Amino acid sequence: MPAPTLAAPDGRVVDYLRISITDRCNERCLYCMPEGYKGWQSRADTLTDDEIVRVARLAAGLGFRKFRVTGGEPLVRKGVVDIIGRIWELPGVEMIGLSTNGIMLEKLAAPMRQAGLTGVNVSLDALDPTIYHRVTGGDVSRVLAGIEAARAAGFERIKLNCVLMRGVNEQEIWPLVEYAAARSCPMRFIELMPLTRRDVLNESNFFPIAEMMEILRAHDELTPVEKEKEQIGNGPARYYRLKHTGALVGVIGALTEACFCERCNKMRVTADGKLRPCLGDALEFDLLPALRGGSDEDVIAVFQNALARKPLAHGFRDVYQPARPMTAIGG
Ligand code: SAM
Ligand code: SF4
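Residues numbered from 1 in each chain as written. Chains lettered and ligands numbered in written order. Predicted model: local features only at pLDDT ≥ 70, side-chain atom pairs only at ≥ 80, totals over all residues. Heavy atoms only, no water.

**So, the side chain of Asp15**
Cut-off, in case you're wondering: Helix and strand assignments come from DSSP, with helices taken as H or I runs of at least 4 residues and strands as E runs of at least 2, each series counted from the N terminus. Here a residue-residue contact requires only that any non-hydrogen atoms of the pair lie within 4.5 Å.
By the secondary structure assignment, Asp15 is in the segment before strand S1 (16-20). Those residues in contact with Asp15 that lie beyond four places of it in its chain are Gly63, Phe64, Arg65, Lys66 and Asn265.

Shown next as structure tokens:
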């Protein structure tokens, strides 16, 4: 029987599900979590391991092929290795990745690889310990140890992500590119998206991709890379190969670049069971009642409803106000 294909009404194939397994985190990134954030969801609302696997099973049955476990920080959830293993074993699942801040990666990289995890995205906003701490509140040496453990564990793909902030980490751009190139890891730079407090998201903190590219051009020659040729990933990034360093650099310009929404193949499930068809739109559909009191068909109906209402484009440029900070959505 051919695998089912799931498409939004405008024809976009949607086959990538990001599942947040917690809204909690062991860091406090300026751009993600409001200072003094107290909006933690209740334990009772958080999906159980079995509910997460059920959502993934039904999604795979509908046509989702690629899965990502995220958060908050997914590695703070006990049972993360088991959840990954159980999703990987589901029929139809072709890829399972994880997004992490890397703080707990050193211990967990090898067991997660054994459980079936195919790739890891690690947030790395600076190499300099003081700058890293200023952005995240954490200790960069633990992240770097985690990246080495992931390399040793033999992941097919380890991508590094940096959110750009003016006056905060722009001097880290080139050191990060060199660090990533030396390890053959794609390095991605992301424009600050309006997903947390207003004071962090003001104009003066915003560092556009175009300016970042000027820094790269001052050091090296850039050639655009066609995704299809290199099979780099499923996300919205555009990639460049740097001639002399050999670095592969991805850029995600959600605010200043041409809209990538026409290629969007994703939906998100929050840790409290809300299905979100678009990161840049507050629209969400509650899976919990169907998961806790309904049948598989009821859960599938929520997916179909969300798919039918998938926004054509994000609202980041339109004074979008997130109802939840990024940590409670799932990156
Ligand atoms: N804790 C994990 C981590 O840090 O990678 C996974 C969750 S985090 C919300 C996922 C991704 O979202 C990270 O790469 C982070 O840098 C990115 N992110 C968070 N807030 C953002 C914002 N306001 N603008 C752009 N990217 C953001
Ligand atoms: Fe935590 Fe990741 Fe958000 Fe940073 S970006 S606060 S590490 S969830």
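Right, picking up where we left off after that structure.
**Overview of the site of ligand 2**
Where we set the bar: Working definition: residue near molecule or strand if any one of its non-hydrogen atoms lies within 4 Å of it. Basically, the charged four are Asp, Glu, Lys and Arg, the nonpolar ten are Ala, Val, Leu, Ile, Met, Phe, Trp, Tyr, Cys and Pro, and anything else, Gly included, counts as polar.
Around ligand 2 sit Cys25, Glu27, Cys29, Tyr31, Cys32, Gly72 and Asn101, and that is every residue in its neighbourhood. Counted by class, the shell around ligand 2 contains four nonpolar, two polar and one charged residues.

**Here we look at the packing of helix H2 (residues 80-88) against helix H3 (residues 105-115)**
Here is the rule we go by: For helices, the fitted line uses only the C-alpha atoms of the stretch in contact; every axis is such a line through C-alpha atoms, and the angle between N-to-C directions lies from 0 to 180 degrees. Orientation categories follow fixed angle ranges, with anything under 35 degrees roughly parallel, anything over 145 roughly antiparallel, 65 to 115 roughly perpendicular, and all other angles oblique. Crossing chirality is assigned from the near helix's rotation relative to the far helix, an anticlockwise turn below a right angle marking it left-handed and a clockwise turn marking it right-handed.
Two elements in contact, H2 and H3, have axes whose closest approach is 8 Å; the angle formed by their N-to-C orientations is 20°. Taken together, the axes of H2 and H3 are roughly parallel relative to one another. Like other packed secondary-structure pairs, H2 and H3 cross with a definite hand, here right-handed. From H2, Val80, Val81, Ile84, Gly85 and Trp88 reach across to H3, where they touch Leu108, Pro111, Met112 and Ala115. When grouped by side-chain class, the residues that make up the contact of H2 with H3 number eight nonpolar, one polar and no charged.

**Re the pattern of salt bridges**
Opposite charge on two side chains makes pairing possible when the charged atoms of those side chains draw close. This is how the line gets drawn: Just to be clear on terms, a salt bridge is a Lys or Arg side-chain nitrogen sitting within 4 Å of an Asp or Glu carboxyl oxygen. Residue burial is assigned from relative accessible area. The probe radius is 1.4 Å, only protein chains are included, and a residue is buried under 20% of its type maximum, exposed over 50%, and partly exposed in between.
Summed over the entire model, instances satisfying the criterion amount to 16 salt bridges. Between Asp50 and Arg86 there is a salt bridge, with its nearest N and O atoms 2.9 Å apart. In this pair, Asp50 sits in helix H1 (residues 49-62) while Arg86 sits in helix H2, placing the two residues 36 residues apart along the sequence. For Glu284, the salt bridge identified is with Arg276, shortest N-O distance 2.9 Å. Residue classification places Glu284 among the partly exposed positions, given a relative accessible area of 30%. Residue Arg276 is classed as buried on the basis of its relative accessible area of 1%.

**Quick look at the packing of H3 against helix H5 (residues 140-153)**
Across the interface, H3 lies against H5 with an axial gap of 8 Å and an inter-helix angle of 20°. Between H3 and H5, the angle is such that the two are roughly parallel. As H3 runs across H5, the sense of the crossing is right-handed. On the side of H3, the interface is formed by Leu105, Glu106, Ala109, Ala110 and Arg113, while H5 contributes Ala145, Gly146, Ile147, Ala149, Ala150 and Ala153. Counted by class, the contact of H3 with H5 contains eight nonpolar, one polar and two charged residues.

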